[in-house]
Amino acid sequence: MKLTCLVDNGVRPHTRFQGEHGLAFLIESEAGKILFDTGASGTVLLHNMDVARVTPSEIDGLALSHGHRDHTGGLPAFLERRPGLPLYAHPDITRERFSERKGERQAVGIPLSPQELGRLTDLHLSAEPQEIMPGVWTTGEIRERPEPEGRSSRHFVREGEDWLPDPYRDDMALVVETARGPLLVCGCCHAGLLNTLAHVQKVLKREPVAVIGGTHLIAADQAHLQRLTEVLQRLGPPWLYLNHCTGEAAYVSLALVLGERVAPFPAGAVLELESA
Ligand SMILES: [Fe+2]
Ligand SMILES: [Fe+2]
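Bear in mind the structure is a predicted one, so any value in this text is a computation, not a measurement.

Calculation criteria
- Residues numbered from 1 in each chain as written.
- Chains lettered and ligands numbered in written order.
- Predicted model: local features only at pLDDT ≥ 70, side-chain atom pairs only at ≥ 80, totals over all residues.
- Pairing = 2+ DSSP bridges.
- Helix = DSSP H or I, 4+ residues; strand = E, 2+ residues; numbered from the N terminus.
- Axes fitted to C-alpha atoms, helices over the stretch in contact; angles between N-to-C directions.
- Expected span 1.5 Å × (residues − 1).
- Buried ≥ 20, exposed ≤ 12 C-beta atoms within 10 Å, placed from the backbone.
- Arc of directions from axis to C-beta.
- Contact = placed C-beta atoms within 7 Å.

Chemist: Lay out the sheet that holds strand 17 (residues 262–264) in plain terms, naming residues and giving numbers.
Modeler: One open sheet holds the 7 strands; their spatial order is 9-10-13-14-15-16-17, and the pairing between them is mixed. Both edges of this open sheet fall to strand 9 (131–133) and strand 17, since each of them pairs with a single strand only. With direction set aside, neighbouring strand axes in the sheet form an average angle of 20 degrees. As paired strands, strand 15 (residues 210–214) and strand 16 (residues 239–243) are joined by 5 bridges and run parallel to one another. Across the sheet, the residue bridging to Ile-212 is Tyr-241, located in strand 16.

So this is what it looks like as structure tokens:
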């Protein structure tokens, strides 16, 4: 099993990978190749796929962590080159969503309509866990969220005339089985890392040995970070390969407590483990 970070805010030094505020992963096993998220733009996604020596036509399945543009912006250009691809996501993936900047609310949702998505892909929308290929599952919706979520006060959805905080119902992660144990691969983890881990333990009966991806701890306060490190320590703790919306303060807090178990995972980074 090989997991490559294709798109991230950061890039591995001395490589041709390009960076942008976005995220995409490539998951490869004997069973096939999965693209998880598509970065913020087709330009960076396709360039970085070329650097990683993988073509859109080789991809067997696509999963989306949630609808935000930094994870879905590469979709139109990618699907143009790989129409008909099975796409796994939560039904709320096509909900309009907005981000507030300088008093204005701009659309930051998926750049394709539900009709376009239906025409361009083989759609598998479900709030329940879905198997994408042997050993790779979506978590489904993370319904129970007693722990802090990865929220932004700038994110909104519209309901009739009302603006409401984005409930991030579509936010989900992937679980990838390896010989070392399951990996949890996150997009933005708006549902909250501890909520996502608890959901995986409860619903999928799996204890991830590593967490990879964005953890949206960028706005987490000291109490949140302390609670997080305490629970992670009790859990083992898992290895953390962090990127995207984790935030520097959170990264440093985690690294100070968990030491070598915390590592960055920029575009071009690869994790290779024996398949389960
Ligand atoms: Fe997001
Ligand atoms: Fe994001």
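Chemist: Let's hear about the pairing of strand 5 (residues 85–89): which residues, and what values?
Modeler: Summarising the sheet, strand 4 (residues 61–63) and strand 5 pair through 2 bridges and their orientation is parallel. Considered in strand 5, the bridge of Ala-63 is made with Tyr-88. Two strands pair when backbone bridges link them, and strand 5 and strand 8 (residues 121–125) are joined in this way by 5 bridges, in the parallel orientation. From the neighbouring strand, Tyr-88 faces strand 8, where its bridge partner is His-124.

Chemist: If you had to explain helix 6 (residues 222–235) to someone new, which residues and values would you point to?
Modeler: Helix length check: helix 6, at 14 residues, gives a terminal C-alpha distance of 20 Å against a target of 20 Å (1.5 Å per residue), a fit within 8%. Within helix 6, burial applies to His-224, Leu-228 and Leu-232. Taken end-on, helix 6 shows its buried residues confined to a sector of 60 degrees, consistent with a single buried face. When the buried face of helix 6 is taken as reference, the exposed residues oriented beyond 90 degrees from it are Gln-222, Ala-223, Glu-230, Gln-233 and Arg-234. Those residues of helix 6 that are buried lie in contact with helix 5 (193–203) and helix 7 (248–258). Of the residues one or two after helix 6, Gly-236 is the one with positive phi, at around 155 degrees.

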